[in-house]
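For reference, the chains in residue letters:
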Amino acid sequence: MDKNREPFISLALYHAFKWSVVSPMLHAYFRGNIYGAENVPESGPLVVVSNHASYFDPPIVSNCVRRPVAYMAKEELFKIPVLAQAIKLYGAYPVSRGSADRNAIRAALEYLNNGWAVGVFLQGTRTPDGKITDPKRGALLLAAKAKAPILPVSVWGTEAILEKGSKIPRAVPVTVRIGNLIAAPSSSNKEELEALAQKCTVVINQMHDLGR
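Residues numbered from 1 in each chain as written. Predicted model: local features only at pLDDT ≥ 70, side-chain atom pairs only at ≥ 80, totals over all residues. Heavy atoms only, no water.

Scored by pLDDT, the protein chain has a mean of 88; 92% of the residues are at 70 or more. Confidence drops under a pLDDT of 50 for residues 1-6, and excluding neighbours within four residues, the segment shows nine contacts in the predicted structure. (pLDDT = per-residue confidence, 0-100. Contact = heavy atoms within 4.5 Å.)

The following block contains the structure:
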């Protein structure tokens, strides 16, 4: 998190971007359906885990859980003019892909301490159909360190937003389903984290299978 910006200013910018851009686009352009919003705790540390099929997923998920969600983003995106400013406004922080980035973990924990939720894609990368096939333990390790409960979320339809070679988003229907809260891991034991990753995968894929 930018240490030169007070947390309340970050939250103000976040909400301004959400209500002026993200929410109108989700509801009017993508005709967004949202199920399970009542499962989201209003406060306290929270790790949001979801599937991933589109660059649009972070703002869509963040909008639907109705509280600020900070996402890791690959560090290369922070070198792109305009895009870098937009993702910073929406709580993104850089991570070096393919390495154990301790700075990213520290940033995530700082966001949690400042009242944000932190979002992590369970597979770590996009999949063509939005289904999770190879879950990683990173989200669960973060939850263990922060003693934060886990909120499973399924995003359906976003893989069709951008056609290959196109920069204009298509007005496709999008559905977000929010599952029941899962208790924080009791330890950072590899076997426990692996079991929880598999549990999250089953829950998210089952919600995804419900479709629109």
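Glancing now at the pairing of strand E6 (residues 150-156). Counting buried positions along E6 gives six out of seven residues, so the element sits mostly inside the fold. Direction of pairing for strand E2 (residues 47-50) relative to E6: parallel, over a ladder of four bridges. If you follow Val-49 over to E6, its bridge partner there is Pro-152. Pairing of E6 with strand E7 (residues 175-178), which is carried by four bridges, proceeds in the antiparallel orientation. Residue pairing across strands places Trp-156 opposite Thr-175, the latter belonging to E7. (Buried < 20%, exposed > 50% of the residue type's maximum accessible area, 1.4 Å probe, protein only. Helix = DSSP H or I, 4+ residues; strand = E, 2+ residues; numbered from the N terminus. Pairing = 2+ DSSP bridges.)

One pass over the structure, following the stated rule, counts five aromatic pairs. With a centroid separation of 5.3 Å and an interplanar angle of 65°, the aromatic rings of Tyr-29 and Phe-30 are classed as edge-to-face. For Tyr-29, a relative accessible area of 33% puts it in the partly exposed group. Measuring from centroid to centroid gives 6.0 Å for Phe-30 and Phe-56, while their planes differ by 85°, and the two rings are edge-to-face. Linking Phe-30 in the loop between helix H1 (7-29) and strand E1 (33-35) with Phe-56 in the loop between E2 and helix H2 (57-65), this pair joins segments that are 26 residues apart in sequence. Look at Phe-30 and you get buried, because its relative accessible area is 1%. A network of ring pairs unites the aromatic residues Tyr-29, Phe-30 and Phe-56 as a single cluster. (Phe/Tyr/Trp six-rings, centres within 6.5 Å; stacked < 30°, edge-to-face > 60°.)

The next point concerns the environment of Tyr-71. In this structure, Tyr-71 sits in strand E3 (residues 69-74). Among the residues examined, Tyr-71 registers a relative accessible area of 5% and is labelled buried. The residues touching Tyr-71, leaving out its near neighbours within four places in the chain, are Ser-50, Pro-58, Val-61, Gly-91, Ala-92, Tyr-93, Gly-119, Val-120 and Phe-121.

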